[in-house]
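A look at the structure
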Amino acid sequence: MSILFTNARLIDPEAGTESLGWLLVKDGVIAATGSETAMPKADEQVECTGACLAPGIVDIGVKVCEPGERHKESYKSAGMAAAAGGVTTMVTRPDTLPTIDTPEVLSFALRRANEAAPVNVLPMAALTKGREGLEMTEIGFLMDAGAVAFTDCDRVISNTKVFSRALTYARSLGALVIAHPQEPILSEGAAVTSGKFASLRGLPAVTAMAERMGLDRDIALLEMTGAAYHADQITTARALPALARAKRNGLNITAGTSIHHLTLNEMDVANYRTFFKVKPPLRAEDDRQAVIAALRDGTIDVISSMHTPQDEESKRLPYEEAASGAVALETLLPAALRLYHAEDLSLPQLFRAMALNPAKRLGLDAGRLCAGAPADLVLFNPDTPIVLDRFKLKSKSKNTPFDGARMQGKVLGTYVAGQPVFEAP
Amino acid sequence: MTYSHSHLLGIEPLAPPDITAILDLADQYADLNRRDVKHSDALAGLTQINMFFENSTRTQASFELAGKRLGADVMSMAMQASSIKKGETLIDTALTLNAMHPDLLVVRHPHSGAVDLLSEKVNCAVLNAGDGRHEHPTQALLDALTIRRAKGRLHRLNIAICGDIAHSRVARSNIMLLGKMENRVRLIGPPTLMPSGIADFGVEVFEDMEAGLKDVDVVMMLRLQRERMDGGFIPSEREYYHRYGLDAEKLSHAKEDAIVMHPGPMNRGVEIDGELADDINRSVIQQQVEMGVAVRMAAMDLLARNLLARRQAQTGVMV
C-alpha cells in the first residue's frame, strides 16, 4: 500500500527547510521525498495544491481524563481532537483519578487508548505514588508496561531527598523525568503573576522568580544525579539564563513551554476570565517575548499544548477558586501559526519544537520527513482564516481561551502511519 | 450629569462625571438624613437583596438603612450560614435569587472578581459591597464625599493612605477614585504590606511615616487585620504602632488643618491613637459613617433610575 503526496510544501524541521515537492509513503513509513521531477508511482495520490505537509505534532503533556473523569475528556474525544489538530502522538499525563502510578492502572489506560484513540498514545507515569512526593513509583515495571516518561505533573516534589533519590533511580534505568519547576511555597494558592495587573485585580499572586528558584534547585539536583530531565514549562525571562547555563555545562536537560504562554499574556485575563487561568499563570509581555526568543535560539526545545480539559462547573467560579488549565489540542497549530505570521518563528522552527524535538527527547523516530520515519503527517494551510467557536471543538470540555479568536491555519488532513485519521470536511 | 452604568462593581470603570453624579446626589441625601422625617420614595416598590458572603455589620447596616430610607423592600441574607454550606455554587445562588426578581443586589464576597461574575448572570443592578482584595467602591465614594465636604473640593489635594495597602480593597478603590479626580496620592506602609507593581499606579510610595505625611491635606488610615500581626508581615503589634500608628506627633507633620479618616472598625492603639480618633477637630471618622448611608442611597437611586429606563426601553411601556 503506497500513497504519494504531490505538490506539497514540505516542512522539514530536521533540515530546517521548506520546499515544494512530493512525499511517498509505503507501508506506513515515509519511503522517499523529492522535488517535482521524477515522481514515483503509487496506489493512491493526494494532490496537496501547495499546502504544507509537515511531520505530525508530538504533544508532551496531554491530559486525558481517563480513568476518573471521563465526562471531561475520554481517549476517544481527546484522540479525535488531536487528529483534528494535527497531533499524531499524544504523550499523556498521569494526573488522573486515580493517579497512573502502577503498571495495572497504566495498562488500563493504554488499553482504553488503543481501543478508542485514532492517534498514537504514549503514556507517562507518576514519579511518586499518588503524586504525593513521598515514595517513588515502580519505575522499572512502569517502563516495561509502556511508560515513556515520569512526572508528577504540576506538583513539585518539595522533599529534596525524595526527589534526588527518584532522579538517581530513574537515571539507572535511563528513564526521563519531567518536572514542573516552581518554588512550591511561594506559588501556593497563586492565581496570577505578581505585578501591577495582579494588584489591580486583587488576586493572590506568585512572583515570576519562583520559577527560576524551582529550576535552580532542579539543576543542582541534576548535577548531583546525572538524570535525564525535562522542564515541562519554562515561561519567564528570569529562568532562561539558568537553563542556558545548565545546557552549556552538559547536563541532560531540555525544556518545554506551553502554547498559551507563547501567545497570551497576563493582561488577557482582563475581567477575571477564568478560561485564561492556567498553571503556571500567564506572564508579562516581556516574559512572553523572552520565551519566544529562547525557542528561536534553541534554549527552549519543545512547545506543548498542556491540554487540560475542565468542565464548565469548575471554571464558572470566582477566579481564585476556578480550576486551572485549558484545552488546546485543536488550537495548538493555529495558535502556533500566530508566531509564524508574526515572523517570530519559521515553519521548520515551529515543527522542530512541536514534532522533532519532543520525538527526539522520547527516543521516537517520529517528527521527521526523511525516508524511514513513520508516516505521521499533518497537511495544513497556514493562511486560511478561522474564527474559533469553542462549541465546535471535538474535546468534551470546551475551556479554550481562544473562543471567538481570529486565527489563521486550518488542518486539511492528519495521517498516522500513512492512514488518514482526519480529513477536513 | 448622570451616572452611565448599570452596575456599581468598582471605581475602575467609572469616569469622573459618574463619580460627581453620585456625590452630588449623595449631598442631597445627606441633608435629608439630618431631618426628622428621613424618607423618600425613590425606590418605592423595588426589592433590594443584600447578600453578604463575608461577615459585616457596618456596611450591611448602612446598605439596609439606605434602602429603607428610599422606600425599597429590603432583605438581608447572611450567606455563609446558608447555601454555601450546602455546596451550592455562587452562580446557582445568583440564579435562584434572580428568579425572585430583585431590582438591586448588594453583594460582598471574600473572593476578588466574584461580584463581577455574579453581575453577568442576573438582570438587576448589582452593587459591590466589597470583593476580596479587589474593590469596595461605596467606601471610596463615601470617603470622597467626606473629603469634599470637609475640604470644599475633591481635586488638587495631597492625600496619604497608610497601612496594609496589599490586602485592602478600600485602598485600591480609593487610589483609583482619588487619582481619577486629580489628587496626589501617597501610600505609606512597610514594604511587606505594599502590593507588587504599586509604583505603576501613579502614586508616591513612602516607607517612612513622617516623610510621607509631610504637608498632606488628608490622612487615611487602614485597618490592620489581626491575622497579619503574627510576625508574617510585620514583627509585632507594638513595633507597627511605633513606626506606623497615627498619633499627634506624627500627625504634626501633616498640614495644620489635615483631616484624619478611618474606614473602621478601628484597632485603637495599633494603627491609630484612641484620643486622636475621637478628636472632633481632626477626625472625620463619624462623618464617614454618616456619608456612607447618603452615598449608598445615591448609588442605589441612580442605578434604579437606569434599570427602570432600560426596562422601559425594552418593553416600550412605563413601569
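Conventions we followed
Residues numbered from 1 in each chain as written. Chains lettered and ligands numbered in written order. Predicted model: local features only at pLDDT ≥ 70, side-chain atom pairs only at ≥ 80, totals over all residues. Heavy atoms only, no water. pLDDT = per-residue confidence, 0-100. Pairing = 2+ DSSP bridges. Helix = DSSP H or I, 4+ residues; strand = E, 2+ residues; numbered from the N terminus. Axes fitted to C-alpha atoms, helices over the stretch in contact; angles between N-to-C directions. Core = buried A, V, L, I, M, F, W, Y, C linked by side-chain atoms within 4.5 Å. Buried < 20%, exposed > 50% of the residue type's maximum accessible area, 1.4 Å probe, protein only. Domains from an automatic or database assignment. Contact = heavy atoms within 4.5 Å. Buried area = accessible area lost by both parts, 1.4 Å probe. Salt bridge = Lys/Arg side-chain N within 4 Å of Asp/Glu carboxyl O. Polar contact = N/O pair within 3.5 Å; in protein donor to acceptor, adjacent residues only side chain to side chain. Nonpolar A, V, L, I, M, F, W, Y, C, P; charged D, E, K, R; others polar. Phe/Tyr/Trp six-rings, centres within 6.5 Å; stacked < 30°, edge-to-face > 60°. Lys NZ or Arg CZ within 6 Å of the ring centre and 35° of its normal.

Here we look at the confidence of the model for chain B
Residue-level pLDDT values for chain B average 93, and 95% of them are 70 or greater. The ipTM, which scores confidence in the relative placement of chains, is 0.90 for this predicted complex, and the corresponding pTM is 0.93.

Quick word on the sheet that holds strand β8 (residues 218-221) of chain B
Residue and element names in this part refer to chain B. In spatial order, the strands read β7-β6-β5-β8-β9; together these five strands make up an open sheet with parallel pairing. Sheet topology places β7 (204-206) and β9 (259-261) at the edges, where each strand pairs with a single neighbour. Neighbour-to-neighbour, the strand axes of the sheet open up by a mean angle of 20°, direction not taken into account. In this structure, strand β5 (residues 158-162) lies alongside β8, joined through four bridges in parallel fashion.

A look at the nonpolar core
Soluble globular proteins: nonpolar side chains tend toward being buried together. Residues A:M90, A:L350 and A:F351 are the most contacted members of the largest nonpolar core, which totals 104 residues. Counting residues per element, this core draws most heavily on helix α11 (residues 332-341) of chain A, which supplies seven residues. Residue contributions to this core reach at least three from each of two domains, namely domain 1 (2-52 + 376-390 + 405-423) and domain 2 (56-361) of chain A. Leave out the neighbours within four places in its chain, and A:F351 touches A:I11, A:P13, A:A54, A:P55, A:I57, A:L333, A:L356, A:V378 and A:F380. Counting 66 residues, the second largest nonpolar core, distinct from the first, contains B:A30, B:L104, B:V170 and B:A294.

Topic: unusual backbone geometry
A:K279 connects to A:P280 through a cis peptide bond whose omega is -5°. For A:P280, the location among the structural elements is in the loop between α8 (259-263) and α9 (285-296). Following B:G264, the chain continues to B:P265 via a peptide bond in cis, the omega torsion being -10°. Tracing the chain through its elements places B:P265 in the loop between β9 and α10 (274-278). Even without being glycine, A:Y272 reaches a positive phi, approximately 60°. Among the secondary structure elements, A:Y272 is positioned in the loop between α8 and α9.

A closer look at the environment of B:L23
Residue and element names in this part refer to chain B. Its place among the elements puts L23 in helix α1 (residues 16-33). For L23, a relative accessible area of 1% corresponds to the buried category. With 288 residues separating them in the primary sequence, L23 and R311 have C-alpha atoms 25 Å apart. Residues in contact with L23, not counting those within four places in the same chain, are L141, A144, L145, R148 and L154.

Re the interface of chain B and chain A
With 20 residues of chain B at the interface, the matching set in chain A holds 17 residues. Approximately 1600 Å² of surface area, both sides summed, lies buried where chain B meets chain A, with 56% of it carried by carbon and sulfur atoms. At the junction of chain B with chain A, the criterion picks out one salt bridge. As a salt-bridge pair, B:E12 and A:R201 come within 2.9 Å of each other at their nearest N and O atoms. One can count 11 residue pairs in polar contact (both at pLDDT 80 or more) joining chain B with chain A. Looking at the side of chain B that touches chain A, the elements that each hand over two or more residues are α3 (90-98), α4 (114-119) and α6 (169-180) of chain B. Residue contributions to the side of chain B that touches chain A peak at three residues, all from α4(B). Split by residue class, the side of chain B that touches chain A holds seven nonpolar, seven polar and six charged.

Brief notes about the packing of aromatic side chains
Residue and element names in this part refer to chain A. Considering all chains together, one arrives at three aromatic pairs over all chains under this definition. Measuring from centroid to centroid gives 5.0 Å for F5 and Y415, while their planes differ by 80°, and the two rings are edge-to-face. With F5 in strand β1 (residues 2-12) and Y415 in strand β17 (residues 406-416), the pair connects residues that are 410 residues apart, well separated along the chain. The two residues F5 and Y415 agree in class, both being buried. Note on F351 and F380: the rings are 5.6 Å apart at their centroids and 25° apart in plane angle, and the pair reads as stacked. In this pair, F351 is assigned in helix α12 (residues 347-361) and F380 in strand β16 (residues 377-387), connecting sequence segments 29 residues apart. For the pair F351 and F380, a shared accessibility class is recorded, and that class is buried. If you follow R201 out to its NZ or CZ, it ends over the ring of Y272, 5.7 Å from the centre. Note that K277 overlies the ring of Y319, its terminal NZ or CZ placed 5.7 Å from the centroid.

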